[in-house]
Structure formats: structure tokens, C-alpha cells
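Understanding the architecture of this molecule
Letter by letter, the chains look like this.
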Amino acid sequence: MPHEPVSDATLCSRSPAPPRSSTEPLSPPIQLASVFRIAGIDEVDDLFGGRAEGFFYARDGHPNASQLADKLARLEGAEAGVVCASGMGAIAATVLANAERGGRVLLSDELYGKTTTLVVRELSRFGVAHGFFDPSRPDSLREALAAAPDVRLVVAETLSNPLLRVCDLAAVAAVAAEAGVPLLVDHTFAPLLCKPIALGVPLVAHSLTKLISGHADVTLGAVVGAREAIGRVRAVASTFGQTGGAFDSWLALRGAVTLPLRVERTSRTALELARRLEAHPKVARVSYPGLPSHPDHVVARRQFGDRFGAMIAFEVDGRERADRLIRGLRDVPFAPSLGDAETTVSHPLTTSHRGQDPEALAKAGVTPGLIRVSVGLEDVDDLWNDFDQALGLT
Ligand SMILES: *Cc1c(COP(=O)(O)O)cnc(C)c1O
């Protein structure tokens, strides 16, 4: 049917109809719409009543986030997932969905700095108490739970930053389940190395900014778990404005295509690099869960099998040598994040752990000479040549 003639202003202002096509795009289209067109009022009731599926307003959900959340949930073996604007968005929404005034959040004692800050500094203002436990000793969680009847959530990480201590997820999950308290595990450093849900962990968060997106061009996060628990997190994330956007979700979906290949490759390269670093006379100590010298190597083998991830920490003698090493690297950039296709180094004392009190730093093993490496996809010999020549300059 021919269109009614309309003015230029009208023609330009109206959204075009979806293109007619008997075929569908093979890859997911980016759908940036912030709001969706609804046929009528009854359909609104159907959407809100759960009788119809569909999108309504992008902060509550949109196609690209939905596709990404589904993929991540399936990858982790969970019922459902929600995408948030950052890893911290996902963690904060989960904490907010579970914490309450007069209740307590138990934190493993080497968490990502901002996760600890969120609970200790920010939520304390709202009357949420906290406590700590040692993730390498599930008994310390049992003791902390026994001492506090008001715990609403336990938070742990699969691999700690920067020394890559390994949490025995099955043991910690069993203790939390025994007490009937939900457990959130931040699995950012260890995607695919193990599946926490299968080990009994009810809630799993990722900073998608890191390894899952994999190209250092996205800021995004997600949490997966049982449908009901995730529904509650989704509602909180929408109310607090923490949900993620369409383009970032699309980029993360795109990055995740190669995740299994990258995990395989970076784990192999990291193990070899860790061995060579450990044998180098200028290196005082190497932390890599794949090395027999790592304090949690036995747990790591049981939990991860023969892949131990992309992250290594190692120590040279003092801040000056660390600085000379960082400046001496010809190709490997100093960039305080992780998970890119390109290998990067970071200096935890002045970046991720900046400003923490000396006692906490000593406990976390963050010394002035500590360097953290996020291993990328380069050839291992080329990487080693760069580290070897830079170590020679220290
Ligand atoms: C980066 C990171 C976060 C926070 O993620 P953002 O996307 O930067 O908000 C949380 N946990 C761990 C372990 C991280 O490395």
C-alpha cells in the first residue's frame, strides 16, 4: 500500500518499520532502543503479569543484555542471569538485594578492594554490619557464622588478587549452605577454570570488563544463579540504576565467542611464563596456582584440573626495581586491569591496593616489589624475551 504523503518533518521524525525479511541475521543485531512499542494497555498487563514475554523499558531489560545473560547463565549452569553496568554494579546489586539493616555480610579477607569498601565503608552507613573469614580455611567461615546469627550473605572469590590464593569453593559453599546463608562468589579471575554453581555456590558474579569480554574495550558485569534470587537482584539493579547497556552487552557477547580458546591458550602460556620467572635469579617469588610452590596448588589441581588461568604475580626486590622492570618492558604495557588479549602488567601497591592500611597490605602479601601479570595471547617466547631483558635492567 502506498504511504500517505506527509511533511518532511513528520517523515524524518518517525521510526522506520522493521525491515521486511524472510531471513534472520546470523549474528545478534545491536538494539539500542531505550523503550519498546506496545500494542495496547492489555498487553502491558500481560507483560507485567508474566503472561507475555517482552521488553518494556531498557533499564529493566533489553535484547542484548538478555542474550548475554542467557549465555552466561548457561555457561555457568545457572537458571538465570542479570547484566549490570560493571562488575561492581553486579556485586553491589547482589549485596543490596540480600543485606538489610541489622543484618551482616561476611567477607573473605582478600576481596577485590571496592567490594570490601562497598560493605565496610558504604553499607555500614545504612546499618549493615560485616565480618571477615579466611577463605583458605572453611572452618573460619563456620566459626564466623556460629558467632553471628545475623548473617545475610557471604562473599568470596575463586582466586584472590594479587596472590591468587584459591578458595575451596565446594567446602565454603557447604558451610554456607549448612547455615542457610546465600553465598556470592566473584569468579572474575577464573572463568571456565571451574563451574562454581556445580560446586554448590548459589550466586556467581563476573566483572565482564576483564576476561570474558577479553579485549579491554567494555565495562560490564553480571551475576547468575537461581531464577528467584536473580529476579530479586534484577529488581534492585533496575531501581538503583545499575543495569548495563546494549552496545557493551553486544561487545561482551562478541568477546565471549573466543573465551574457551583464550582460557586454554593463556593458561598454557601463563604456566610456562611462571616457570621461567620462578627460575630467574632476579625474581624472589612467583605466585601461580599451577606451580607446585603455590600454597594452594593441591586445591587448585582438584578444583581446576590442569588449567590455572591467565594471572601471575611475582616479586622483585623493592619498589625501585619494580619501577625499573615496568619501564624496561619494551612491549608489555603497564595497565592496571586484566583480561585483555594483550599481556599487561600491574603494580598492586600503587593501583588496585592503593591506600590500604599497612596491616592489610602485609596480610594480602602486597609488597613494593610485587608485579601482577595478566597473560594474553602472544607467543610465549616473545613474552619471555621482553620480561627477561627487562629483569636484566633491574
Ligand atoms: C575488576 C574487578 C571487579 C570490578 O569490576 P568492574 O567491571 O571494574 O566494576 C570485581 N572483582 C574483581 C575480582 C575484579 O577484578
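Residues numbered from 1 in each chain as written. Predicted model: local features only at pLDDT ≥ 70, side-chain atom pairs only at ≥ 80, totals over all residues. Heavy atoms only, no water.

Brief notes about the sheet that holds strand β7 (residues 221-225)
- What the seven strands build is an open sheet, ordered β1-β7-β6-β5-β4-β2-β3; its pairing is mixed. The open sheet has two edge strands, β1 (80-84) and β3 (129-133), and neither has a second partner. Within this sheet the neighbouring strands show an average axis-to-axis angle of 20 degrees, counted without direction.
- Inspection of the sheet shows strand β5 (residues 183-186) paired to strand β6 (residues 203-207) by three bridges, in the parallel sense. Considered in β6, the bridge of L184 is made with L203.
- Sitting on the sheet, helix α3 (residues 63-76) is in contact with β1, β6 and β7, with an inclination near 130 degrees to β1.
- Of the strands in this sheet, β1, β6 and β7 touch helix α8 (residues 227-239), which is tilted by about 20 degrees from β1. (Pairing = 2+ DSSP bridges. Helix = DSSP H or I, 4+ residues; strand = E, 2+ residues; numbered from the N terminus. Axes fitted to C-alpha atoms, helices over the stretch in contact; angles between N-to-C directions. Contact = heavy atoms within 4.5 Å.)

Re the packing of helix α6 (residues 138-147) against helix α7 (residues 169-178)
- At a minimum axis separation of 9 Å, α6 and α7 run at an interaxial angle of 15 degrees. For the element pair α6 / α7, the angle class is roughly parallel. The element α6 and its partner α7 pack so that their crossing is right-handed. Across the interface between the two elements, P138, L141, R142 and L145 from α6 touch A171, V172, V175, A176 and E178 from α7.
- Tallied by class, the residues present in the contact of α6 with α7 amount to seven nonpolar, no polar and two charged. (Parallel < 35°, antiparallel > 145°, perpendicular 65-115°, else oblique. Left-handed = near helix turned anticlockwise from the far one by under 90°. Nonpolar A, V, L, I, M, F, W, Y, C, P; charged D, E, K, R; others polar.)

A few points about the packing of aromatic side chains
- Throughout the structure, instances matching the rule amount to five aromatic pairs.
- An angle of 75 degrees between the planes, with centres 6.4 Å apart, marks the rings of Y288 and F308 as edge-to-face. With Y288 in the loop between β8 (285-287) and α11 (297-304) and F308 in the loop between α11 and β9 (311-315), this pair connects stretches of sequence that are 20 residues apart.
- Classification of Y288 by relative accessible area gives buried; the value is 0%.
- Under the relative-accessibility criterion, F308 is labelled buried at 4%.
- Look at F314 and F387: their rings are 6.2 Å apart centre to centre, the planes differ by 80 degrees, and that puts the pair in the edge-to-face class. Of the two residues, F314 sits in strand β9 while F387 sits in helix α14 (residues 380-392), which places them 73 residues apart along the sequence. (Phe/Tyr/Trp six-rings, centres within 6.5 Å; stacked < 30°, edge-to-face > 60°. Buried < 20%, exposed > 50% of the residue type's maximum accessible area, 1.4 Å probe, protein only.)

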